[in-house]
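As a plain string of letters, each chain reads:
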Amino acid sequence: MEQQPKRSTKSIQNANETSIYVLLVVGILLSMVGVFLRFAGDSMTLSIVSWVILFVGAFVCCKAVFKILGA
């Protein structure tokens, strides 16, 4: 069986950084809090705050993914 050569590109090195995965976990937790608050109460203020938290969490997750991709 042939062994393929190991590639060490900048994208692969970026994908292995711990800080990116910490950022991804923080984004996921923020999104989960936003979703929980969305269904927790029935006030207009709580609904707006929960949507803001959800979108911030989604933005953080997208930022982490684009960091992994190197874009």
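Right above here is the structure, for reference.
Not measured: the values here are computed from a predicted model. (Residues numbered from 1 in each chain as written. Predicted model: local features only at pLDDT ≥ 70, side-chain atom pairs only at ≥ 80, totals over all residues. Heavy atoms only, no water.)

(A) Helix α3 (residues 44–69), seen in detail. Its 26 residues place the ends of α3 38 Å apart at the C-alpha level, agreeing with the 38 Å of an ideal helix rising 1.5 Å per residue. Among the residues of α3, Ser47, Ser50, Gly57, Val60, Cys61, Ala64 and Ile68 are the ones counted as buried. Just downstream of α3, Gly70 is the residue with a positive phi angle, here 80 degrees. (Helix = DSSP H or I, 4+ residues; strand = E, 2+ residues; numbered from the N terminus. Expected span 1.5 Å × (residues − 1). Buried < 20%, exposed > 50% of the residue type's maximum accessible area, 1.4 Å probe, protein only.)

(B) Here's a closer look at a nonpolar patch on the surface. Together, Val25, Ile28, Leu29 and Met32 make up a nonpolar patch on the protein surface, roughly 380 Å² of accessible area in all. Position of Ile28 among the secondary structure elements: in helix α2 (residues 18–40). (Patch = residues over 30% accessible without salt bridge, like charges linked within 9 Å, V, L, I, M, F, W, Y side chains within 5 Å. Areas by Shrake-Rupley, 256 points an atom, 1.4 Å probe, with all protein chains shown as cover. Salt bridge = Lys/Arg side-chain N within 4 Å of Asp/Glu carboxyl O.)

(C) Spatial organisation of the packing of aromatic side chains. Scanning the entire structure with this criterion turns up 1 aromatic pair. Between Trp51 and Phe55, the ring centres sit 5.7 Å apart and the planes meet at 25 degrees, which makes this aromatic pair stacked. A residue pair is termed a helical-turn pair when its members lie 3 or 4 positions apart in one helix, as Trp51 and Phe55 do in helix α3 at 4 residues. Relative accessible area serves as the criterion here: at 36%, Trp51 is assigned to the partly exposed category. (Phe/Tyr/Trp six-rings, centres within 6.5 Å; stacked < 30°, edge-to-face > 60°.)

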